[in-house]
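# Notes for the structure review
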Amino acid sequence: MNTLLNAKIPSGALHEKWDNYKADAKLVNPNNKRKFKVIVVGTGLAGASAAATLAELGYQVDAFTFHDSARRAHSIAAQGGINAAKNYQGDGDSINRLFVDTIKGGDFRSREGNVHRLAQVSVDIIDQMVAQGVPFAREYGGTLDNRSFGGAQVSRTFYARGQTGQQLLLGAYQQLSRQVGLGGVRLFNRTELVDVVVVDGRCSGIVVRDLLTGEITSHAAHAVVMATGGYGNVFYLSTNAMNCNVTASWRAHRRGAMFANPCYTQIHPTCIPQSDESQSKLTLMSESLRNDGRIWVPKNADDARPADQIPESERDYYLERLYPSYGNLAPRDISSRAAKRLVDKGHGVGPLKNGVNLDFSAAIERLGLDVVQERYGNLFQMYERIAGEDPYSTPMRIYPATHYTMGGLWVDYELATTIPGLYAAGEANFSDHGANRLGASALMQGLADGYFVLPYTISNELAPMLNKPIPTTDHPAFVQAETEARDRFNGYLNVGGTRSPDWFHRELGKIIWDYCGMERTQQGLEKALSELPALYSEFKKDLRVTGNGESVNQTLEKAGRVDDFFQLGMLMCRDALDREESCGAHFRSEYQTAEGEALRDDKNYCHVSAYDWTGDPMAADLNKEKLEFETAHLATRSYK
Amino acid sequence: MKHLTNLKLKVWRQDGPDTVGKFETHVVESVSDEASFLEMLDQLNEKLIGENKDAIVFDHDCREGICGTCSLMINGRAHGPQRATTTCQLHMRTFSSGDEIVIEPWRAAAFPIIKDLMVDRASFDRIIESGGFITSPTGGAPDANLIPVPKPVSDAAMDSAACIGCGACVAACPNGAANLFTGAKIAHLSVLPQGQAERFKRAEAMVNSMDDQFGSCTNHGECSAACPKEISLDVIALMNSDFRKSKSKNRKQLSRG
């Protein structure tokens with residue numbers, strides 16, 4: 001173990017920390033802001049909101065996305081909603097309750113200061129997004145409607161049909177587009193980050209590759225924000241979009257940014273099960289469906305009868321049975337493991353017996369078809385397109401799938417990574433969700449970071465840099481990083497092997513899913529750690545990338561991303577092996593209660609594990625940040 | 001699970017924006033009917049890489065029908081034969097063994113081809129940049145419930161806001177017009193109370209940007225028929241009405257200095 005990390009949490013009572021921070025933070029005079037350049041990588045909720053807000057304040061902003069348009073970022077696919085402690089329903093919600101729910105949902109592996117700030121600014125997010133014209137669901141009186149989500153006993157989730165992520169992203173994208181039109185933001189689309197440049201210990205800019213021409217160029221700035229999403233695609237099959245990748249975070253990690261808690265990966269309980277070998281991705285069915293859908297499996301294993309022929313008495317509504325107070329709204333990690341256990345015991349449904357039923361017949365009877373249609377219409381339609389079955393008459397079949405990664409670049413209270421001048425926001429950082437994220441909290445965190453946290457913390461960092469020169473792109477560090485990137489991409493083209501990047505990605509994903517998925521064991525992780533380096537060296541020897549590096553080449557793009565996934569995969573397994581406890585989404589079979597629930601070890605593992613790059617992910621240096629709980633009390637989670 | 005056999009694909013290949021393209025024929029010998037259309041293309045690409053050939057370039061990302069990245073004219077129809085379905089959500093069970101399937105990029109002058117089946121849709125972003133937003137700088141918003149929005153109004157805004165910006169409307173239009181896309185954004189923002197302050201300025205700016213880049217609408221209705229989110233033609237009527245009004249309203253604003 002090396003350094004003990006300091007998160008720089010401000011002083012004062014928990015509810016005063018953020019105000020104290022803002023009161024003390026250094027500011028940049030409006031006329032001086034234009035002298036600073038900030039680079040934002042990624043244009044999802046965190047990136048678009050940060051870029052737009054920083055440009056509104058007057059900073060020069062360069063925003064980068066590998067998509068053809070900023071509007072395509074994967075935030076767009078979030079369905080269910082966004083949490084906020086508005087207490088519009090008067091059902092006992094408060095900032096403190098959202099804070100406690102999030103800490104508890106994260107199984108006491110997140111940082112109190114950050115989580116409390118998140119709960120505080122959640123209310124501002126809703127105001128901001130409504131002002132932008134996000135068409136959230138409304139009551140007939142014109143006020144905002146809410147629904148409940150997993151891990152909460154109040155209704156605090158705001159939603160726009162089943163397309164909340166889309167509507168929020170379009171709001172942020174439109175605000176960003178306004179700044180692009182006004183000249184406040186220069187937007188570089190179809191441009192992918194390939195390296196981060198550090199000069200004298202400070203982040204000085206980035207190196208990018210133009211995906212249309214293959215050209216590699218440098219961009220210098222006073223500060224760089226990584227808003228580049230999560231790494232769930234390391235599993236190959238996940239609910240992430242096809243192009244989601246870890247490269248930006250990983251390249252920052254290789255330049256000195258610590259990577260925290262890589263083993264915390266969330267498996268979402270309600271996805272459409274895999275239908276065949278050739279499947280390229282899994283599709284999520286919003287957790288909001290669990291508000292009205294009831295989850296069950298046949299009581300008898302290997303019961304092949306269609307759902308409507310299985311009488312009530314032979315159905316096991318297992319979440320309602322095991323967790324009566326939360327029922328079908330038990331948190332994601334708990335619901336996922338319960339489904340896995342029953343499917344493993346042969347209670348699975350569907351042609352491959354790899355799913356559980358999510359049944360809406362009771363809801364349709366209680367609420368009427370119209371209401372169910374209005375609440376979930378587009379989700380039902382999506383399901384019907386993919387599965388070829390009508391969920392109004394047949395229960396949906398669902399099964400857990402990789403969905404979100406709580407781990408990411410280590411950041412302190414200011415969202416600064418361990419490289420000064422480099423920030424990480426949204427899913428790319430590790431900070432707020434601990435070992436398990438609650439539903440409808442990802443959108444909240446992305447927008448909180450981008451709109452309401454980074455603009456303050458970045459000005460605090462930039463103020464002392466006024467009128468001091470920064471390295472330009474002709475600095476040797478930029479030139480060298482460009483050369484390394486060119487060599488790396490030429491290298492992929494010149495291996496001349498026999499297997500495509502997708503083939504290696506699929507094999508990598510199988511190892512990670514089998515040994516570092518929903519349940520992990522020491523033996524399995526050790527096996528993964530012996531298989532991964534072997535497969536990785538095969539990747540380096542037997543990769544085949546056709547085409548050239550001077551025009552669009554999606555095979556080449558994929559090769560670079562798979563390369564980084566390999567290295568991350570090794571670090572994930574190492575972290576999972578090191579954490580000898582079960583907490584949240586990290587479930588080690590050796591550490592469970594008699595009832596099969598996660599067994600934490602607060603004495604030895606109440607810390608964040610953050611890794612330093614040493615040149616080999618298998619030999620990364622482990623650093624720890626101790627987690628202190630002053631307000632929320634360490635307790636065993638119970639959703640019974 | 002069944003398998004489709006012997007599919008004959010005619011795929012548009014083009015090396016770059018300024019080169020001459022051509023159709024290339026590929027046979028897919030077997031594919032599961034559970035596979036999506038894009039998974040079928042993935043399998044073809046794996047085969048091409050195996051033969052040391054360049055993979056076919058096509059845009060795609062979420063594969064859930066929401067990001068709007070995927071495109072493709074399939075047998076002459078934007079996003080293929082299934083109503084209200086993006087290419088990524090189209091499954092092979094819609095086709096039969098032995099089918100000939102013609103795959104082309106979006107056809108529109110405002111969406112120039114980049115390579116193979118990939119096109120440049122930046123023209124859509126420019127329309128949004130010209131005025132497709134409500135100006136509300138971060139931090140200044142009032143409490144969300146201070147702006148009551150009647151449910152039917154909110155629902156109508158949501159119907160228009162569902163647009164995914166894929167460009168099928170333009171590709172399907174015989175004139176290459178972007179009226180459904182532009183109308184959808186105008187209709188989303190202009191029915192909401194928050195959108196009133198800039199309503200007419202927005203309509204004029206967005207229509208001007210659209211006219212600079214796209215063809216003109218002659219009410220064929222192909223756009224709405226091709227739209228994977230079933231955006232209604234009504235949005236075009238609302239846009240035209242707001243644009244007409246903007247001509248007098250914006251002039252008044254100008255004279256007030």
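Residues numbered from 1 in each chain as written. Chains lettered and ligands numbered in written order. Predicted model: local features only at pLDDT ≥ 70, side-chain atom pairs only at ≥ 80, totals over all residues.

### Things to note about the overall build of chain A
Assigned secondary structure in chain A consists of 17 helices and 20 strands. Computed over its C-alpha atoms, the radius of gyration of chain A comes to 24 Å, within 12% of the 26 Å expected for a compact globule of 640 residues. Along the three orthogonal principal directions, the C-alpha set of chain A runs to about 75 × 60 × 50 Å. Within chain A, buried positions represent 61% of all 640 residues. In chain A, the share of contacts with a sequence separation of at least 24, taken over all contacts with a separation of at least 6, comes to 74%. (Helix = DSSP H or I, 4+ residues; strand = E, 2+ residues; numbered from the N terminus. Rg over C-alpha atoms; globule rule 2.2 N^0.38 Å. Buried ≥ 20, exposed ≤ 12 C-beta atoms within 10 Å, placed from the backbone. Contact = placed C-beta atoms within 7 Å.)

### What about the overall build of chain B?
Regarding its fold elements, chain B presents 8 helices and 7 strands. Taken along the three principal axes of its C-alpha coordinates, chain B extends 70 × 40 × 35 Å. Across the 257 residues that make up chain B, the buried fraction comes to 52%. Residue pairs in contact within chain B that sit at least 24 positions apart in sequence constitute 71% of those at least 6 positions apart.

### Overview of the environment of Phe64 of chain A
Residue and element names in this part refer to chain A. Inspection of the secondary structure assignment puts Phe64 in strand β2 (residues 60-64). Residue class for Phe64 comes out buried when judged on the 27 C-beta atoms lying within 10 Å of it. Through-space distance from the C-alpha of Phe64 to that of Lys353 is 43 Å; in sequence the pair is 289 residues apart. In contact with Phe64, not counting residues within four places along its chain, are Val41, Phe188, Thr191, Leu193 and Val208.

### Section: the domain arrangement of chain A
All names here are of chain A. According to the domain assignment, chain A contains domain 1 (268-402) and domain 2 (480-606). One C-alpha centre belongs to domain 1, the other to domain 2, and the line joining them spans 30 Å. Each partner contributes to the interface: domain 1 provides 5 residues, whereas domain 2 provides 4 residues. The greatest single-element share of the side of domain 1 that touches domain 2, amounting to 4 residues, is contributed by helix α9 (residues 332-344). Residues belonging to the side of domain 1 that touches domain 2 are distributed by class as follows: 1 nonpolar, 1 polar and 3 charged. (Domains from an automatic or database assignment. Nonpolar A, V, L, I, M, F, W, Y, C, P; charged D, E, K, R; others polar.)

### Considering the interface of chain B and chain A
With 67 residues of chain B in contact, the opposing surface of chain A contributes 64 residues. If you list the elements that add at least two residues to the side of chain B that touches chain A, you get α1 (37-50), β6 (113-115), α2 (122-131), α3 (151-161) and α5 (179-190) of chain B. By residue class, the composition of the side of chain B that touches chain A is 28 nonpolar, 21 polar and 18 charged.

### Brief notes about the confidence of the model for chain B
In the predicted model, chain B carries a mean pLDDT of 96, and 98% of its residues have values of at least 70. The ipTM value of the predicted complex is 0.98, and its pTM value is 0.96. (pLDDT = per-residue confidence, 0-100.)

### Concerning the pairing of strand β1 (residues 37-41) of chain A
Residues and elements named next belong to chain A. β1 sits mainly inside the fold: 4 of its 5 residues count as buried. As judged from the 5 bridges shared by β1 and β2, these two strands associate in the parallel manner. Looking at the pairing, Lys37 lines up with Gln60 of β2. In terms of handedness, the path from β1 via helix α3 (residues 45-57) over to β2 forms a crossover that is right-handed. In this structure, β1 lies alongside strand β10 (residues 223-226), joined through 4 bridges in parallel fashion. The residue bridging Val41 from the neighbouring strand is Met226, located in β10. (Pairing = 2+ DSSP bridges. Right-handed = clockwise from strand over helix to strand, strands pointing away.)

### Concerning the domain arrangement of chain B
Residue and element names in this part refer to chain B. Under the domain assignment used here, chain B contains domain 1 (3-115) and domain 2 (121-255). The distance between the C-alpha centroids of domain 1 and domain 2 comes to 30 Å. Across the contact, 18 residues belong to domain 1 and 17 residues belong to domain 2.

### Re the packing of helix α5 (residues 112-131) of chain A against helix α12 (residues 442-462) of chain A
All names here are of chain A. At a closest axis distance of 9 Å, the pairing of α5 and α12 adopts a crossing angle of 85°. Put simply, α5 runs roughly perpendicular to α12. Facing Leu118, Val121, Ser122, Asp124, Ile125 and Gln128 of α5, the residues of α12 in contact are Met444, Gln445, Leu447, Ala448, Tyr451 and Phe452. Looking at the contact of α5 with α12 residue by residue, the class counts come to 8 nonpolar, 3 polar and 1 charged. (Axes fitted to C-alpha atoms, helices over the stretch in contact; angles between N-to-C directions. Parallel < 35°, antiparallel > 145°, perpendicular 65-115°, else oblique.)

### Digging into the nonpolar core
What tends to happen in soluble globular proteins is that the nonpolar side chains get buried as a cluster. Residue and element names in this part refer to chain A. One finds Val225 and Met226 to be the most contacted residues of the largest nonpolar core, which totals 284 residues. For this core, the element with the highest residue contribution is helix α16 (residues 554-578), accounting for 12 residues. Discounting residues that sit within four places of it in the chain, Met226 has contacts with Val41, Gly42, Ala248, Ser249, Ala252, Leu409, Leu422, Tyr423, Ala424 and Ala428. (Core = buried A, V, L, I, M, F, W, Y, C linked by C-beta atoms within 7 Å.)

### Here's the deal with the pairing of strand β15 (residues 356-359) of chain A
In the case of a regular strand, side chains alternate between the two sheet surfaces. Residue and element names in this part refer to chain A. Neither face of β15 is left uncovered, since the one carrying Val356 and Leu358 and the one carrying Asn357 and Asp359 both have all their residues buried. Two elements, strand β13 (residues 294-298) and β15, share 3 bridges in a ladder whose sense is antiparallel. Within the sheet, the bridge partner assigned to Ile295 lies in β15 and is Leu358. Looking at chain direction, β15 and strand β16 (residues 396-405) are connected through 3 bridges and run antiparallel. Bridge pairing in β16 places Asn357 opposite Arg397.

### Structural notes on the sheet that holds strand β4 (residues 147-148) of chain A
Residues and elements named next belong to chain A. Across the sheet, 3 strands lie side by side as β3-β5-β4; this open sheet has antiparallel pairing. Each edge of the sheet is formed by a strand with only one pairing partner; in this case those strands are β3 (82-83) and β4. One ladder, built from 2 bridges, connects β3 with strand β5 (residues 155-158); its direction is antiparallel. Looking at β5, one finds that Ile82 is bridged to Phe158.

### Considerations on helix α6 (residues 164-182) of chain A
Residues and elements named next belong to chain A. For α6, with 19 residues, the first-to-last C-alpha span of 27 Å sits near the 27 Å given by 1.5 Å per residue. Within α6, 17 of the 19 residues are buried, which leaves it mostly tucked inside the rest of the structure. Following α6 by one or two positions, Gly183 has its phi on the positive side, about 90°. (Expected span 1.5 Å × (residues − 1).)

### Comments concerning the sheet that holds strand β7 (residues 191-199) of chain A
Residues and elements named next belong to chain A. If you walk across this open sheet you meet the 3 strands as β7-β8-β9, and the pairing is antiparallel. Single-partner strands in this sheet number two, and they are β7 and β9 (216-220). Across the sheet, the mean angle separating the axes of adjacent strands is 30° when strand polarity is ignored. When β7 meets strand β8 (residues 202-210), the two strands line up antiparallel, connected through 8 bridges. Residue pairing across strands places Thr191 opposite Asp210, the latter belonging to β8.

### Some points on α9 of chain A
All names here are of chain A. With 13 residues, α9 should reach 18 Å at 1.5 Å per residue; the first-to-last C-alpha distance of 18 Å fits that figure. Those residues of α9 lying buried are Arg332, Asp333, Ile334, Ser335, Ser336, Arg337, Ala338, Ala339, Lys340, Leu342 and Val343. For α9, the secondary structure elements touched by its buried residues are β12 (265-271), β13, α8 (318-322), β15 and β16. One or two residues past the end of α9 sits Gly346, with phi positive at roughly 95°.

### Examining the packing of helix α4 (residues 95-105) of chain A against α5 of chain A
Residues and elements named next belong to chain A. The geometry of α4 relative to α5 is characterised by a closest axis approach of 9 Å and an angle of 135° between their N-to-C directions. With respect to each other, α4 and α5 are oriented oblique. Considering how the two elements wind past one another, α4 and α5 form a crossing that is right-handed. Contacts between α4 and α5 involve Ile95, Leu98, Phe99, Thr102 and Ile103 from the first element and Glu112, Val115, His116, Leu118, Ala119, Gln120 and Ser122 from the second. A class-by-class count of the residues in the contact of α4 with α5 yields 7 nonpolar, 4 polar and 1 charged. (Left-handed = near helix turned anticlockwise from the far one by under 90°.)

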